[in-house]
Amino acid sequence: MKQKKVSQTFTRNFIFGAEDSLVSTVGLLSGVAFAGVGRSTIILTGVILIFVEAFSMGVGSYLTEYIIRPSDNVKQKIPTTAGIVMFISYIISGGIPLSPYIFFSGTLALTLSIIFSLVALICLGIVSSVLSKTNMVKNTLRMFVLGGSAIAIGLVVGIILK
């Protein structure tokens, strides 16, 4: 039973970190790209966002898990590991929407960033369904629609503020 809860904790942190990173990073980068700033500014903005948010999310995960398990010394490793899982999944996933801007510029980078992120959300939906033993179609569609909606918000704000 304890192993199942530990596994669920790590799975939850992995999925949350990856999804949040994909959506936040592509949303911000798309909005900034639509606002018309240069490629180097987009890359700098993306790298700063990814590292600041990865650290913040990792700390948030650690603190949340620590509050849940404040006194058991054996369970004290869980908050630290959960925070690290969150941090790493955020960093890795953030690289997906950022990578096109490193190799390309303009509309091509923007388009590839969005496509890569949407494909990654689909993959994450599939992986999370397998890990959670839930309906793959529903879970993947939910991940795609909700994550895609957040991406759309970044685009719309960038267009409006341009």
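Please refer to the structure higher up on the page.
Residues numbered from 1 in each chain as written. Predicted model: local features only at pLDDT ≥ 70, side-chain atom pairs only at ≥ 80, totals over all residues. Heavy atoms only, no water.

1. Considering the overall build of the protein
- Secondary structure summary: the protein contains five helices and zero strands in total.
- What you see for the protein is a C-alpha radius of gyration of 17 Å, in line with the 15 Å of a compact globule of 162 residues.
- Here the protein holds 162 residues, and the buried ones make up 40% of them.
- In the protein, the share of contacts with a sequence separation of at least 24, taken over all contacts with a separation of at least 6, comes to 71%.
- Of the accessible surface of the protein, which amounts to about 9,100 Å², a share of 73% is contributed by carbon and sulfur atoms.
- One finds the centroid of the 12 positive side-chain charges in the protein at a distance of 8 Å from the centroid of its 5 negative side-chain charges. (Helix = DSSP H or I, 4+ residues; strand = E, 2+ residues; numbered from the N terminus. Rg over C-alpha atoms; globule rule 2.2 N^0.38 Å. Buried < 20%, exposed > 50% of the residue type's maximum accessible area, 1.4 Å probe, protein only. Contact = heavy atoms within 4.5 Å. Areas by Shrake-Rupley, 256 points an atom, 1.4 Å probe, with all protein chains shown as cover. Lys, Arg positive; Asp, Glu negative; His and termini not counted. Charge placed at Lys NZ, Arg CZ, Asp CG, Glu CD.)

2. A word on the environment of Met143
- Within the element layout of this structure, Met143 appears in helix H5 (residues 136-161).
- You can call Met143 buried: its relative accessible area is 12%.
- Met143 sits 21 residues away from Ile122 along the chain, and the two C-alpha atoms are 6.8 Å apart.
- Not counting the four nearest positions on each side in its chain, Met143 is found in contact with Ile15, Glu19, Leu121, Leu124, Gly125, Ser128 and Gly148.

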